[in-house]
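Below, each chain spelled out in residue letters.
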Amino acid sequence: GENVEQHPSTLSVQEGDSAVIKCTYSDSASNYFPWYKQELGKRPQLIIDIRSNVGEKKDQRIAVTLNKTAKHFSLHITETQPEDSAVYFCAAGMAGGSYIPTFGRGTSLIVHP
Amino acid sequence: DSGVTQTPKHLITATGQRVTLRCSPRSGDLSVYWYQQSLDQGLQFLIQYYNGEERAKGNILERFSAQQFPDLHSELNLSSLELGDSALYFCASSPHPDRVGEQYFGPGTRLTVT
C-alpha cells in the first residue's frame, strides 16, 4: 500500500518568513495530493491540492509543488502570519474510482509574532 | 461551519461496549467518508460510501462497520471497544467520489474508552 512520510514534524518560524513542509510517497499510482490545515481542537480543512498532471499550483501565499519522478511534494507558505500556526497534513491517493488517502504524520507550524 | 454535522460531540464508554456515531453530509453531497485520528496512528481513512453503497475501504477493523442510509446520513458502529479505539472520528462529505477536492470535514466525535 501507499506510504507517506512528512518532514519536519515541527517547524518554528518568525512572522514574515517562509515555511516549507515536505512529503514523500511510495505508490506511483497515486495521482492526487491534498494538504490540510488543522487548528487545535478543530476539523482538518483542505487548503490546497495538486493532481499528478500538474507540477505546481499557487493560491495567494500558499503553493504546492510536485515531483512525480522523485515521488515528493511540498507545501510552501510565504509571508507567514501568526494565524498560520496549526498542524499541516499531506496526503496521497488515487482519485477517481476508489479513493483511499494515506496521510503524513503532520507538521506543527509555529509562527512567532 | 462546513455543513457536515456529527453527533455526539463527545462519547465516553467502557471497554467491550458498542457505540454508534452519526454523520449528516452537506446538502447535495452523495459521498461520505469516515476517518480516525489518534495520537498513535495519526489520521487514517476508514471507509467511504457513495449513494448508499460502499465505495472504498481503508484501515477499518473488523469490529467496526458503517452504512449509509437512503436519506444519505451515515453511521459508524464500533463494537468490542478497546482502549486503543479512543480517538477523534471525523466524517467528511463530497458531492461525488470523483470530486475529492470538494471534501468537507465535520466537527468530529471524540470517543474515550475507559
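Structure's up top.
Residues numbered from 1 in each chain as written. Chains lettered and ligands numbered in written order. Predicted model: local features only at pLDDT ≥ 70, side-chain atom pairs only at ≥ 80, totals over all residues. Heavy atoms only, no water.

Observations regarding the overall build of chain B
Using the following cut-off: The helix and strand labels rest on DSSP assignments: H or I over at least four residues marks a helix, E over at least two residues marks a strand, and numbering proceeds from the N terminus. Radius of gyration here uses only the C-alpha atoms, and the compact-globule reference equals 2.2 Å multiplied by the residue count raised to the power 0.38. Remark: exposure states derive from per-residue accessible area (1.4 Å probe, protein chains only) relative to the maximum for the residue type, with buried under 20%, exposed over 50%, and partly exposed in between. Whether two residues touch is decided by their heavy atoms; if any such pair falls within 4.5 Å, the residues are in contact. Values of accessible area rely on a 1.4 Å probe in the Shrake-Rupley scheme; residue burial ignores everything except the protein chains shown. A positive count includes Lys and Arg, and a negative count includes Asp and Glu. His and the chain ends are not counted in either. Where a charge lies is defined by one atom per residue type: Lys uses NZ, Arg uses CZ, Asp uses CG and Glu uses CD.
Summing up its helical and strand segments, chain B has 0 helices and 11 strands in all. Computed over C-alpha atoms, the radius of gyration of chain B comes to 13 Å, within 12% of the 13 Å expected from 2.2 N^0.38 for 114 residues, which places it in the range of a compact globule. Projected onto its principal axes, the C-alpha coordinates of chain B cover approximately 35 × 30 × 25 Å. For chain B, with 114 residues in total, the buried portion stands at 51%. Counting only contacts in chain B whose residues sit at least 6 apart along the sequence, the fraction spanning at least 24 positions is 56%. With an accessible surface of roughly 5300 Å², chain B has 46% of that area assigned to carbon and sulfur atoms. Side-chain charges of chain B comprise 9 positive and 12 negative groups, with the mean position of each set lying 3 Å from the other.

A look at the state of the cysteines
Among covalent bonds in proteins, the disulfide is the one between the sulfur atoms of two cysteines. Residue and element names in this part refer to chain A. Defined as follows: The disulfide criterion used throughout: a pair of cysteine sulfur atoms within 2.5 Å.
Tallying each qualifying case throughout the model produces 2 disulfides over all chains. Across a sulfur-sulfur distance of 1.9 Å, Cys23 and Cys90 are joined as a disulfide pair. Taking the sign of the S-S torsion, about -100 degrees here, the bridge from Cys23 to Cys90 comes out left-handed. Of this pair, Cys23 sits in strand E3 (residues 19-25) while Cys90 is found in strand E9 (residues 86-92), placing the two residues 67 residues apart along the sequence. By relative accessible area, Cys23 is classed as buried at 1%.

Describing the sheet that holds E3 of chain A
Two pairing modes exist for strands in a sheet, parallel and antiparallel, and in both the strands are linked by backbone hydrogen bonds. Residue and element names in this part refer to chain A. Worth spelling out the cut-off: In this scheme, strands are said to pair when DSSP sees at least two bridges between them. Every axis corresponds to a line fitted to the C-alpha atoms, with the helix fit spanning only the stretch in contact, and the corresponding angles, defined between N-to-C directions, vary from 0 to 180 degrees.
In space, the 5 strands of this open sheet follow the order E1-E3-E8-E7-E6, with antiparallel pairing throughout. Whereas interior strands pair on both sides, the edge strands pair on one side only; in this sheet they are strand E1 (4-7) and strand E6 (56-59). For this sheet the average axis-to-axis angle between neighbouring strands, irrespective of direction, equals 15 degrees. In this sheet, strand E8 (residues 72-77) lies alongside strand E7 (residues 62-67) in antiparallel orientation, the contact comprising 6 bridges. Bridged to Ile62 within E8 is Ile77.

A closer look at the interface of chain B and chain A
Think of interface size as the accessible area that goes away when the parts come together; that is how it is often given. We apply this condition: Buried area: the sum, over both parts, of the accessible surface (1.4 Å probe) that disappears when the two are put together. Salt bridge, as used here, is a side-chain nitrogen of Lys or Arg placed within 4 Å of a carboxyl oxygen of Asp or Glu. By the criterion applied in these results, polar contacts are pairs of N or O atoms within 3.5 Å in which, for protein atoms, one can donate a hydrogen and the other can accept it, and in which residues neighboring in sequence qualify only through two side-chain atoms.
At the junction of the two partners, chain B supplies 26 residues and chain A supplies 19 residues. Both faces considered, chain B and chain A share a buried interface measuring about 1700 Å² in area, 56% of it formed by carbon and sulfur atoms. For the chain B face of the interface with chain A, the top three residues by lost area are Leu43, Val100 and Phe105 of chain B, together amounting to 31%. Inspection of the region where chain B meets chain A yields 0 salt bridges. Linking chain B with chain A are 5 residue pairs in polar contact (both at pLDDT 80 or more). Of all the secondary structure elements, the ones that give two or more residues to the side of chain B that touches chain A are strand E4 (31-38), strand E5 (42-50) and strand E6 (53-57) of chain B.

Some details on the pattern of salt bridges
Two side chains bearing opposite charge may form a pair once their charged atoms approach each other closely. Residues and elements named next belong to chain A. In total, this model carries 8 salt bridges over all chains according to the counting rule given. Between Lys42 and Glu39 there is a salt bridge, and its shortest N-O distance comes to 4.0 Å. Residue classification places Lys42 among the partly exposed residues on the basis of a relative accessible area of 47%. Among the residues examined, Glu39 registers a relative accessible area of 33% and is labelled partly exposed. Between Lys57 and Asp49 there is a salt bridge, and its shortest N-O distance comes to 2.8 Å. Accessibility expressed as a relative area gives 35% for Lys57, which makes it partly exposed. When its relative accessible area of 13% is taken as the criterion, Asp49 is described as buried.

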